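Spelled out, the chains give:
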Amino acid sequence: MKKKKLLSLLVTSMLTLNLVGCASTGGKEEKSQGENSTKQEAAANTLYANGGPEEFFEAPWLNPGTFVYNKVLYDRLIFADEKLDPIPGEGQLAKSYEMSEDGKNLKFVLRDNIFWHDGEPITAEDIKWSIEYSLKTTVLNNVFGNTFKSIEGATDYIDGKADEISGIVIDGNNIEIKFEKLAPDALLTFTQFAPLPKKHLENVDPVKFQQSEFFRNPIGSGPFKVDEVKMGNYTTLAGFDKYWDGKPAFNMHLNPSPGDSDPNLVTNAKAGLLDYSYTKNIADVKALEGTKGINMDTVDVRYTRLFFANKFKKKDGSAAPLADKRVRQAIMYALDMDKILDGIFEGAALPANSLTPNGPDKVDGLNNYEYNPEKAKELLKEANWDPNTVLDVVYYYTDQQTVDLMAIIQNYLSQVGIKMEFRLVEGDLASLLWALPEDPVNGLSAVDFDLCYAATAALSMHEYYDRYQTGAELNSHTPGTPELDKLIENTKTIDPEEKRKAFFELQKYENEELFVMPLYYQPIFVMTSDKIKGMPETFGNPQFNYKWDIHKWTLAE
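Residues numbered from 1 in each chain as written. Predicted model: local features only at pLDDT ≥ 70, side-chain atom pairs only at ≥ 80, totals over all residues. Heavy atoms only, no water.

1. Thoughts on the sheet that holds strand β2 (residues 94–99)
Reading across from one edge, β2-β3-β5-β4 is the order of the 4 strands in this open sheet, with antiparallel pairing throughout. A strand with exactly one partner marks an edge of an open sheet, and here the two such strands are β2 and β4 (168–171). Here the strands of the sheet are splayed against their neighbours by 15 degrees on average, with no regard to which way each runs. In the sheet, β4 pairs with strand β5 (residues 174–178) via 4 bridges, with the strands oriented antiparallel. The residue bridging valine 169 from the neighbouring strand is glutamate 176, located in β5. Contacts between helix α4 (residues 124–134) and the sheet are confined to β3 (105–110), β4 and β5, with β4 contributing the most and set at about 165 degrees to the helix. (Pairing = 2+ DSSP bridges. Helix = DSSP H or I, 4+ residues; strand = E, 2+ residues; numbered from the N terminus. Axes fitted to C-alpha atoms, helices over the stretch in contact; angles between N-to-C directions. Contact = heavy atoms within 4.5 Å.)

See below:
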């Protein structure tokens, strides 16, 4: 964000702040690397993308599609469409699948002609082993974990009382999964979960799974295989000649970058060294406007920036400053999110009134908490707010935009009588931010913050809300209540209309109680070059897997 823009916004808020360093050092790094990049020439018949590995290939079980390589190195059992809805009928590794009407029995029939990149056949035993082994690792997506834990015999397996999960039965190419309890995201799970080769990983300690040599040069099942790895420099992928749906007609070159944050995106795109990418950074989009041969598509996704409000008592037993919902409501009324987002994101983000983004999955009539500082003051008075209280606000993003946003929010809150200080947290975030209290209802907080600025990128609607159940993993901030637990549990049904109504009731409760404080929704921008032919008409969420048929794309000369 330009310094002029930030200062204009702060002046409007009637406070002058002495801000320094509004331009990040990333620009200099980008230029330096960009100068080297422009000396390169694009290789023939090669699609250039970012999101390549910097130190290792990330295992595909935590963030299944964040990195391009995890989307093309591995196949899944079944396909999802661009909305992440499972496509019925023919699958990917599975030539067919069938779910029982009660959602308790799922059957797959594997294809005959599927192979790992080392040439070995992919077997039903690989699939079964991958599910079982994944439950022992520390890098398993919550949606996957909840599905697998619902399988018959999973509890005994996890507890060490059984050597295998009895509810997974294999016979030749046939796989049958029997669920002990309903797993509402079972089909979604198998559109995203990538089986791995048992042969290469069965002797690896599950706790050291991500650190294994396998992820220096992984063997997958997808249309592309690893060709050359210069870790932190570049990675090339080649078409797999034994891929069941045909070998791709081009190679891939991956520039290293951490997920959706690539400081060299603009430089590489303008130099002809980036053909496919995605970003949440509006500055990237603005910088590429009008660039010949570059296209931008906006994709609405389940991505919500928010404040986690810590409502547990402090470690010394004193009351949490945000335990009273009227204080949380006051904070929401105190922020002019329309003006804030227009200043920082130039209109490319929308104010949030729920974890759930706008669309058919959200109930109508929610309170938008439109800017009303007088209402905020009234609520604080009702809550007997102590104006000497200083809220401790933490964040873990390292960009200047976040610092700017924290300064703006600090200013707005000061105008209604709320003091706050903000700080960057670094290190072991799992213990610093998400450690659970011993008593998940009345216990003392195990973390040191009042508000945590963060985001939720949800694969499923359940992923948005399950973490707020009593004692749920990562719930360091919200004391359990029977009412909230019941509302969340009611969403766990396979009946689409029943599920929709249950989420609507949960959203109404969320909007009133503000057990989490949603701030804004941010779309993703997919960048492509004119060199690519045969892309899908509609892009889905690039952070997850859907039937985009990249192996059928072609490249112009």
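Now that the structure has been shown, the text picks up again.
2. Comments concerning unusual backbone geometry
The phi torsion at leucine 84 lies on the positive side, around 70 degrees, for a residue other than glycine. Of note, leucine 84 is situated in the loop between α3 (68–72) and β2. The backbone of aspartate 549 shows a phi angle near 50 degrees, a positive value even though the residue is not glycine. Relative to the helices and strands, aspartate 549 is located in the loop between β18 (532–533) and β19 (554–555).

3. Focus on the sheet that holds strand β11 (residues 303–309)
Pairing is mixed across the open sheet formed by 6 strands, whose spatial order is β12-β16-β11-β15-β13-β14. Strand pairing shows two members of the sheet lacking a second neighbour, β12 (350–351) and β14 (419–424), which therefore form its edges. Note that strand β13 (residues 390–395) and β14 share 6 bridges and pair parallel. Across the sheet, valine 394 pairs through a bridge with arginine 423, a residue of β14. Contacts from helix α14 (residues 400–414) reach β11, β13, β14, β15 (451–457) and β16 (516–521), with the element oriented near 170 degrees to β14.

4. With respect to helix α13 (residues 373–382)
In an α-helix, one full turn covers 3.6 residues, which means residues spaced three or four apart are oriented alike. Turning to α13, its buried residues are Ala376, Leu379 and Leu380. An end-on view of α13 places all buried positions within 100 degrees of arc, on one side of the element. Residues of α13 that are buried sit in contact with α11 (325–334). Positive backbone phi, at 55 degrees, marks asparagine 384, one or two positions downstream of α13. (Buried < 20%, exposed > 50% of the residue type's maximum accessible area, 1.4 Å probe, protein only. Arc of directions from axis to C-beta.)

5. Quick word on the packing of α11 against α13
Relative orientation and spacing of two packed helices are given, respectively, by the angle between their axes and the distance between those axes. Interhelical geometry of α11 versus α13 gives an angle of 165 degrees and a closest axis separation of 8 Å. The angle between α11 and α13 places the two elements in the roughly antiparallel class. Like other packed secondary-structure pairs, α11 and α13 cross with a definite hand, here left-handed. Between α11 and α13, the contacting residues are Arg326, Val327, Gln329, Ala330, Tyr333 and Ala334 on the first element and Pro373, Lys375, Ala376, Leu379, Leu380 and Glu382 on the second. (Parallel < 35°, antiparallel > 145°, perpendicular 65-115°, else oblique. Left-handed = near helix turned anticlockwise from the far one by under 90°.)

6. Here we look at the side chain of glutamine 210
By the secondary structure assignment, glutamine 210 is in the loop between α8 (198–201) and β6 (224–230). In this structure glutamine 210 comes out as buried when scored by relative accessible area, which is 12%. Apart from the residues lying within four places of it in its own chain, the contact partners of glutamine 210 are Phe56, Phe57, Glu58, Ala59 and Phe215.

7. Comments concerning the nonpolar core
Counting 126 residues, the largest nonpolar core has Phe108 and Met252 as its most contacted members. When neighbours within four sequence positions are excluded, phenylalanine 108 is seen to be in contact with Leu77, Ile78, Ala94, Ser96, Tyr97, Asn173, Asn174, Ile175, Ile177 and Phe190. Grouped together as the second largest cluster of nonpolar side chains are 24 residues, Leu355, Val425, Leu506 and Phe515 included. (Core = buried A, V, L, I, M, F, W, Y, C linked by side-chain atoms within 4.5 Å.)

8. Examining the environment of glutamate 164
As for its position among the elements, glutamate 164 is in the loop between α6 (154–158) and β4. Residues glutamate 164 and tryptophan 129, 35 residues apart in the sequence, show an inter-C-alpha distance of 8.6 Å. Once residues lying within four places of it in the same chain are set aside, the contact partners of glutamate 164 are Lys128, Glu132, Gly153 and Tyr157. Here lysine 128 takes part through its side chain, which lies 2.9 Å from a polar atom of the side chain of glutamate 164. (Polar contact = N/O pair within 3.5 Å; in protein donor to acceptor, adjacent residues only side chain to side chain.)

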